Amino acid sequence: MNERGNRIDVTADRAWKECIEIIRDNVSGQSFSTWFAPLRAVSLVEDGDDLKLTVQLPSRFYYEWLEEHYFDLVRKSVRKVLGPTGRLYYDIVIEQDDAERGAPGASMQLPARPANEPVSGDDELSNDDFRMSYSGASFDTGPSTPEMPSTAIQNPFVIPGLRRSPVTTNLNGSYTFERFIEGDCNRLARNAALAIAQQPGKTQFNPFLIYGGVGLGKTHLIQAIGNYVRANKKAESIMYVSSERFTTEFVQAIQHNRASDFSMFYRSIDLLVIDDAQFFGGKEKTQEEFFHIFNALHQSGKQIVLSADRPPRDIEGIEERLLSRFQWGLSADMQPPDLETRIAILQRKAEDDGIAIDNEIIEFIGHNIKSNIRELEGALIRLLAFSTLNKREIDLKLAKEVLRDLIKDTQVTLSIDEIQHVVCDYFDIVVDLVRAKTRKREVVQARQIAMYFSKELTQHSLKTIGLHFGGRDHSTVIHANQSVLNQIDTDHKYRQTIEEIRHKLELRSR
Ligand code: ADP
Ligand code: MG
């Protein structure tokens, strides 16, 4: 690294240790050991007025994950330890070349914002103190605005002070349509969203409201509208804001006698995207303000997009007149993804991140993590992090180990029925046969193997297992089990068959 200024490496370690202690108090043990314990301080240097602390991350995933999930916490801890001029930089280990060059320490710094770009002076502000110039209305109008290059909102690399620029659309540039996988679960919402993005304010979908459970892609999709509109210059001013933040800002505006600025600011927006509108529930004053903004925008043909975690009617404490406005346009729901969509999403994520990962691992994750897409992503990232950290290949064993606690809640163990299906599938025989009296050779073999796995992989008693195989008694199960074990010992080909079936079963169990 070519750092200007004095290197004070001795204290980098100590400074980071102090940061880490603060972080440790604020995250779960599991998160801490996964995401923070592996980080190493590289240097602490003075650069002009700034104190630059550089830490090394094992891979790019860390960078993305930390930015996404721990930005505030890391920033606060760095500030606390290094003071207001503290800045954190990341060094990222280059993985693929390590082996060849035998240089495990090889690293790169991700392209940071240009060094001469001013640090926004929000040092004194808490993170909630997001500032906008209401009266000047000089918010970001897109990539071409000279004061605000588009990079400003795309995860700037240097952490403290830079991420929140004073005025911004608040959009996360990675939430695009290209990265959004379409499936039965989200087709309507996605297609409507695209139509709106192509002609904001001009379709009959105004307002457009997406609702559905957590982690299903609502935020992604409504931001995709914003990003598309921005990239294709379909509208001038775009604002994405959560209803919570809208509420906080409104309250602050009132406190500072700037309610009319607030109101004017929002009325001047062409595409207003409000996330998690359920938080408007019970907030009468804010709803009233929003109601008027809504009317003003709608009347002048501006687009309004909303998301909520349930149908609007089910949100408590929403005024009737606002509810009826919501029904003017289109509501689309998002459902949990089906297996194919889950697999497609995982494949895409792996591809986007440039990771080679076996299909069977993808299938394993897809089969087992069903509830939502955020968890699906989390599982993949955790797996990658773990494999990078421990320098282990990603295989089924590792996947099971690492994802055990994620899967526990959602997955029941294999049932005898499932085992029978997998085994019969393997031998291409009808599943009813293993439950019947047939003594045909291949049926007997399949039955024995299914019994063997039922004994090994389920908690059921021998008696119960026997009952599932056409009411046979427990001694038959013992006999089958013994017979399988004997053949495994003596017959190489048979052993291989058993392993192949085991593998198929494992893909379905935790
Ligand atoms: P919600 O707002 O409904 O809680 P998010 O939009 O935050 O959910 O989605 C959670 C994560 O899953 C995000 O990282 C998002 O990019 C990803 N995601 C959701 N749906 C899809 C999809 N259809 N294709 C690709 N990624 C998706
Ligand atoms: Mg969301």
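Quick note: structure is the one above.
Residues numbered from 1 in each chain as written. Chains lettered and ligands numbered in written order. Predicted model: local features only at pLDDT ≥ 70, side-chain atom pairs only at ≥ 80, totals over all residues. Heavy atoms only, no water.

Visitor: How should I be thinking about the overall build of the protein chain in this particular structure?
Guide: Helix and strand counts for the protein chain stand at 20 helices and nine strands. Counting the 510 residues in the protein chain, one finds 49% classified as buried. A separation of at least 24 residues holds for 74% of the contacts in the protein chain among residues at least 6 apart in sequence. (Helix = DSSP H or I, 4+ residues; strand = E, 2+ residues; numbered from the N terminus. Buried < 20%, exposed > 50% of the residue type's maximum accessible area, 1.4 Å probe, protein only. Contact = heavy atoms within 4.5 Å.)

Visitor: For this particular structure, what's the right way to read the nonpolar core?
Guide: Soluble globular proteins tend to pack their nonpolar side chains together in the buried interior. Among the nonpolar cores identified, the biggest contains 31 residues, and Trp16, Trp35, Phe36, Leu53, Leu57 and Tyr70 are the most heavily contacted of them. Among the secondary structure elements, those contributing two or more residues to this core are helix H1 (9–24), helix H2 (29–36), strand E1 (40–47), strand E2 (50–57), helix H3 (60–82), strand E3 (86–93) and helix H13 (373–389). Per element, the largest residue contribution to this core is nine residues, and it comes from H3. (Core = buried A, V, L, I, M, F, W, Y, C linked by side-chain atoms within 4.5 Å.)

Visitor: Quick question: what am I supposed to make of the site of ligand 1 here?
Guide: Close contacts around ligand 1 come from 18 residues, with Ile181, Gly215, Thr219, His220 and Arg374 the closest. Measuring from a nitrogen atom of ligand 1, one finds a side-chain N or O atom of asparagine 186 at 3.4 Å. A distance of 2.7 Å is found between an oxygen atom of ligand 1 and a backbone nitrogen or oxygen belonging to glycine 215. Protein coverage of the free-state accessible area of ligand 1, which is 560 Å², stands at 94%. Residue composition of the shell around ligand 1, by class: seven nonpolar, six polar and five charged. (Near = heavy atom within 4 Å. Polar contact = N/O pair within 3.5 Å; in protein donor to acceptor, adjacent residues only side chain to side chain. Areas by Shrake-Rupley, 256 points an atom, 1.4 Å probe, with all protein chains shown as cover. Nonpolar A, V, L, I, M, F, W, Y, C, P; charged D, E, K, R; others polar.)

Visitor: What's the story with the packing of aromatic side chains in this structure? I'm lost.
Guide: The description of an aromatic ring pair rests on the distance of the ring centres and on the angle between the ring planes. Under the defined criterion, the tally for this structure stands at 14 aromatic pairs. On the basis of an interplanar angle of 85° and a centroid distance of 5.8 Å, the ring pair of phenylalanine 246 and phenylalanine 290 is categorised as edge-to-face. With phenylalanine 246 in helix H7 (residues 243–255) and phenylalanine 290 in helix H9 (residues 284–299), this pair connects stretches of sequence that are 44 residues apart. Phenylalanine 246 gets classed as buried once you look at its relative accessible area, which sits at 0%. The rings of Phe246, Phe250, Phe262, Phe265, Tyr266, Phe280, Phe290, Phe294 and Trp328 are connected pair by pair, giving a single aromatic cluster. Lying across the ring of tyrosine 89, lysine 52 places its NZ or CZ 4.3 Å from the centre. Here arginine 321 stacks its cationic end above the ring of phenylalanine 291, 4.0 Å away from the centre of that ring. (Phe/Tyr/Trp six-rings, centres within 6.5 Å; stacked < 30°, edge-to-face > 60°. Lys NZ or Arg CZ within 6 Å of the ring centre and 35° of its normal.)

Visitor: What is the right way to read the environment of tyrosine 452 from this model?
Guide: With respect to the helices and strands, tyrosine 452 occurs in helix H17 (residues 441–457). The buried category is assigned to tyrosine 452, whose relative accessible area is 6%. Sequence spacing of tyrosine 452 and isoleucine 478 is 26 residues, and the spatial spacing of their C-alpha atoms is 8.5 Å. Beyond its immediate sequence surroundings of up to four residues, tyrosine 452 is in contact with Asn481, Val484, Leu485, Ile488, Ile498 and Arg502.

Visitor: I would appreciate a short explanation of the pairing of strand E7 (residues 271–275) in the present structure.
Guide: E7 sits mainly inside the fold: five of its five residues count as buried. Burial along E7 is two-sided: Leu271, Val273 and Asp275 and Leu272 and Ile274, pointing in opposite directions, are all buried. In this sheet, strand E8 (residues 303–308) lies alongside E7 in parallel orientation, the contact comprising four bridges. By the bridge assignment, leucine 271 is partnered in E8 with glutamine 303. Tracing the backbone out of E7, into H9 and back to the parallel element E8 gives a crossover that is right-handed. (Pairing = 2+ DSSP bridges. Right-handed = clockwise from strand over helix to strand, strands pointing away.)

Visitor: Explanation requested: the pattern of salt bridges in the structure shown.
Guide: Here the idea is simple: oppositely charged side chains can pair when their charged atoms come close. Under the defined criterion, the tally for this structure stands at 20 salt bridges. Of the charged contacts, one joins arginine 258 and aspartate 261 as a salt bridge, the two residues approaching to 3.3 Å between their closest N and O atoms. Arginine 258 sits in the partly exposed class, given a relative accessible area of 29%. Judged by its relative accessible area of 19%, aspartate 261 falls in the buried class. (Salt bridge = Lys/Arg side-chain N within 4 Å of Asp/Glu carboxyl O.)

Visitor: What exactly am I supposed to notice about the side chain of serine 243 here?
Guide: Structurally, the position occupied by serine 243 is in helix H7. On the basis of relative accessible area, serine 243 is assigned to the buried category, the value being 0%. Sequence-distant contacts of serine 243, that is, excluding residues within four places in its chain, are made with Ile274, Asp275, Asp276, Ala277, Phe279 and Phe280.

Visitor: For this particular structure, what's the right way to read the sheet that holds E8?
Guide: Across a sheet, strands are paired by hydrogen bonds formed along the backbone, either parallel or antiparallel in direction. With parallel pairing, the five strands of this open sheet are ordered in space as E6-E7-E8-E5-E9. Since the sheet does not close on itself, it has two edges, and those belong to strand E6 (238–242) and strand E9 (330–333), each with one partner. Each adjacent strand pair in this sheet contributes to an overall mean axis angle of 15°, direction not counted. Of the strands in this sheet, strand E5 (208–211), E6, E7 and E8 touch helix H6 (residues 218–231), which is tilted by about 165° from E7. (Axes fitted to C-alpha atoms, helices over the stretch in contact; angles between N-to-C directions.)

Visitor: So what exactly am I meant to see when it comes to the packing of helix H11 (residues 339–352) against H13 here?
Guide: Pairs of packed helices are described in terms of their axes, by the angle between the two and the distance that separates them. Close contact between H11 and H13 brings their axes to 10 Å; oriented N to C, the two are set at 45°. Considering the angle they form, H11 stands oblique to H13. For the pair H11 and H13, the sense of crossing is right-handed. Contacts between H11 and H13 pair Arg342, Ile345, Leu346, Lys349 and Ala350 from the former with Ile373, Leu376, Glu377 and Leu380 from the latter. Of the residues that constitute the contact of H11 with H13, the class distribution is six nonpolar, no polar and three charged. (Parallel < 35°, antiparallel > 145°, perpendicular 65-115°, else oblique. Left-handed = near helix turned anticlockwise from the far one by under 90°.)

Visitor: Is there a simple way to think about the environment of glutamine 278 in this case?
Guide: You can see glutamine 278 is positioned in the loop between E7 and H9. Judged by relative accessible area, glutamine 278 falls into the buried class, the value being 9%. Glutamine 278 sits 36 residues away from serine 242 along the chain, and the two C-alpha atoms are 9.8 Å apart. Excluding its chain neighbours within four sequence positions, the residues that come into contact with glutamine 278 are Ser307, Ala308, Asp309, Arg310 and Ile315. For glutamine 278, the side chain forms a polar contact with the main-chain nitrogen of aspartate 309, separated by 3.1 Å.

Visitor: Hey, could you run me through the packing of H17 against helix H19 (residues 474–490) in this one?
Guide: With their axes 8 Å apart at the nearest point, H17 and H19 run at an angle of 100° to one another. Taken together, the axes of H17 and H19 lie roughly perpendicular to each other. Packed against H17, whose contacting residues are Gln448, Ile449, Met451, Tyr452 and Lys455, the element H19 presents Thr476, Val477, His479, Ala480, Asn481, Ser483, Val484, Leu485, Gln487 and Ile488 at the interface. Here the contact of H17 with H19 is built from residues that sort into eight nonpolar, six polar and one charged.

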